[in-house]
Amino acid sequence: MGRAGLTAVLALVATACAGSPTPKPRPVPYANAPGSIYAPLRSPAPSPRGVAPTVLNVPGLLKPGQSVEGSVCSDPRILGRRISTINGAGACGISAPVRVTSVSGIRLKNAIRVNCEAAKAFADWTDRSAKPSAEVMGAVLTDMRPVASYACRTRNSRPGARLSEHAKGNAVDIADFSFSNGKTISVLKGWRGEGSTYLRRVWKGACGPFGTVLGPESDRFHQDHFHFDIARHRGGPYCK
Ligand SMILES: [Zn+2]
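Only a predicted model underlies this, so the values are computations on that prediction, with no experimental measurement involved.

**Student:** Would you mind going over the pairing of strand β11 (residues 226-229) with me for this structure?
**Tutor:** Consecutive side chains of a regular strand alternate in pointing toward one face of the sheet and then the other. Side-chain alternation along β11 places Phe226 and Phe228 on one buried face and His227 and Asp229 on a second face that is also buried. Sheet analysis places strand β8 (residues 171-179) next to β11, joined by 4 bridges and oriented antiparallel. Residue pairing across strands places Ile174 opposite Phe226, the latter belonging to β11. Pairing geometry for strand β10 (residues 212-214) and β11, over 3 bridges, is antiparallel. Bridge pairing links Val213 to Phe228 in β11.

**Student:** Please explain the packing of helix α2 (residues 116-130) against helix α4 (residues 196-205) as it appears in this structure.
**Tutor:** Angle between the axes and distance between the axes are the two parameters that describe a pair of packed helices. Packing of α2 against α4 brings their axes to within 9 Å, and their N-to-C directions diverge by 135 degrees. Of the possible angle classes, the one that applies to α2 and α4 is oblique. In this structure, α2 crosses over α4, and the sense of that crossing is right-handed. Every residue of α4 that contacts α2 at Trp125, Ser129 and Ala130 is listed here: Tyr198, Arg201, Val202 and Gly205.

**Student:** Would you mind showing me how to read the pattern of salt bridges here?
**Tutor:** Where charged atoms of side chains with opposite charge meet at close range, the side chains can pair. According to the stated counting rule, one finds 11 salt bridges in the structure shown. A salt bridge links Arg77 to Asp75; its shortest N-O distance comes to 2.8 Å. Taken as a pair, Arg77 and Asp75 share a single burial class, namely buried. Connected via shared salt-bridge partners are Asp75, Arg77, Asp124, Asp127, Arg128 and Lys131.

**Student:** It is not clear to me how the packing of aromatic side chains should be interpreted in this structure. Could you clarify?
**Tutor:** Within a pair of aromatic rings, the relevant descriptors are the distance that separates the centres and the angle that separates the planes. According to the stated counting rule, one finds 10 aromatic pairs in the structure shown. Taken together, a centroid distance of 5.0 Å and an interplanar angle of 85 degrees make the contact between Phe179 and Tyr198 edge-to-face. Placement of Phe179 in strand β8 and of Tyr198 in helix α4 is noted, with a sequence separation of 19 residues between them. The interplanar angle of 20 degrees and the centroid separation of 4.9 Å between the aromatic rings of Phe210 and Phe228 together place this pair among those described as stacked.

**Student:** Sorry if this is basic, but what is going on with α4 here?
**Tutor:** When we look at burial in α4, the residues that qualify are Ser196, Tyr198, Leu199, Val202 and Trp203. In a view along the axis of α4, the buried residues occupy a sector of 160 degrees, so they form one face of it.

**Student:** Any chance you could explain the coordination of the zinc ion here in plain terms?
**Tutor:** Angles at a metal have ideal values that depend on geometry: 109.5 degrees with four tetrahedral donors, 90 or 180 degrees with six octahedral donors. Protein-derived coordination of the zinc ion comes from His166 (NE2), Asp173 (OD), Asp173 (OD) and His227 (ND1), at a distance range of 2.0 to 2.7 Å. Geometry at the zinc ion is irregular, judged from the 4 donor atoms that bind it and their angles of 53 to 154 degrees at the metal. Of note, the donors binding the zinc ion are all from one chain and are spaced H-x6-D-x53-H. Of this pair, His166 sits in the loop between β7 (141-148) and β8 while His227 sits in strand β11, and the two are 61 residues apart along the sequence.

**Student:** Could you clarify how one ought to interpret the side chain of Ser133 in this entry?
**Tutor:** Note on placement: Ser133 falls in the loop between α2 and β7. The exposure class assigned to Ser133 is buried, which follows from its relative accessible area of 8%. Residues within four places of Ser133 in sequence aside, it is in contact with Tyr198, Arg201 and Val202.

Cut-off values and rules
- Residues numbered from 1 in each chain as written.
- Predicted model: local features only at pLDDT ≥ 70, side-chain atom pairs only at ≥ 80, totals over all residues.
- Heavy atoms only, no water.
- Buried < 20%, exposed > 50% of the residue type's maximum accessible area, 1.4 Å probe, protein only.
- Helix = DSSP H or I, 4+ residues; strand = E, 2+ residues; numbered from the N terminus.
- Pairing = 2+ DSSP bridges.
- Axes fitted to C-alpha atoms, helices over the stretch in contact; angles between N-to-C directions.
- Parallel < 35°, antiparallel > 145°, perpendicular 65-115°, else oblique.
- Left-handed = near helix turned anticlockwise from the far one by under 90°.
- Contact = heavy atoms within 4.5 Å.
- Salt bridge = Lys/Arg side-chain N within 4 Å of Asp/Glu carboxyl O.
- Phe/Tyr/Trp six-rings, centres within 6.5 Å; stacked < 30°, edge-to-face > 60°.
- Arc of directions from axis to C-beta.
- Donors = N, O, S within 2.8 Å, 3.2 Å for Na, K, Ca; no water.
- Tetrahedral: all angles 85-135°; square planar, octahedral: opposite > 155°, others 65-115°.

As C-alpha cells, then:
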C-alpha cells in the first residue's frame, strides 16, 4: 500500500472510531508499540564493534506480502515470525511453527523452523552458555550457523530408522560460531583444533536446556555439527 493509500485507510479508521462512544483498543501487532499485545523487546543490547544491531521491519516499509519480524513465542529474546502450520507426511509436522532469525541478540546465518519449546531451549542455551563461553575467545559471539531444523526425515536420514526430532520441529543443528574479532569456529575443524575449549564448553552447556546433545564424539554423523533437541529421556539428558 502506498503512503497515500495508508493515509486514506487511517482517515477511514479515524472516522469510523469518531462516532463510537467507547472505541475498543486495537491490538498493535508490534513489540514496543504503545498498546502492543506482544511482549516488549528489551532495549537493544550494545552491539559489538562493527556489528549492526538487529533491525526490525517498520510497518511503513513493508512491501505487499511481507510479514513483520518481531519477537515470537512470547519471548523477547526470540526474533522471527510465526508461520503457518506445517503438515508433513506421516507424523512429520509442527502445529505452531516459528521461523527464527535471531536468539538473544545472536544472528542466525540460516533461519530455523522450529516449535516454540525448541526456540526457548535454544535461547536459554545461548544465554547461559554460547554467549558467556565466548570469554575464552576474548571476544563476543555474534553469529551462529544452523544447518538443519525442521526436516521430515528419519534419524540421520537412514531408511527404516526412527523419525528424527527434526521432523517435529524439536531440533536444531549448529555448524559454526562467529565472533566480534572476525574469527569463526566450526565444529568440524575446531573440535580437535583451535576453538576446542569454546566448542566443548557450549556442547556441555547444551546438556540441560536440551534433552539430547550430540557432537563429534557421538558418531560419524555428527563430525561437522552439534545436534540439539528437546526430547526428554528417562534418566536425564542424553549428551555425547
Ligand atoms: Zn540434528
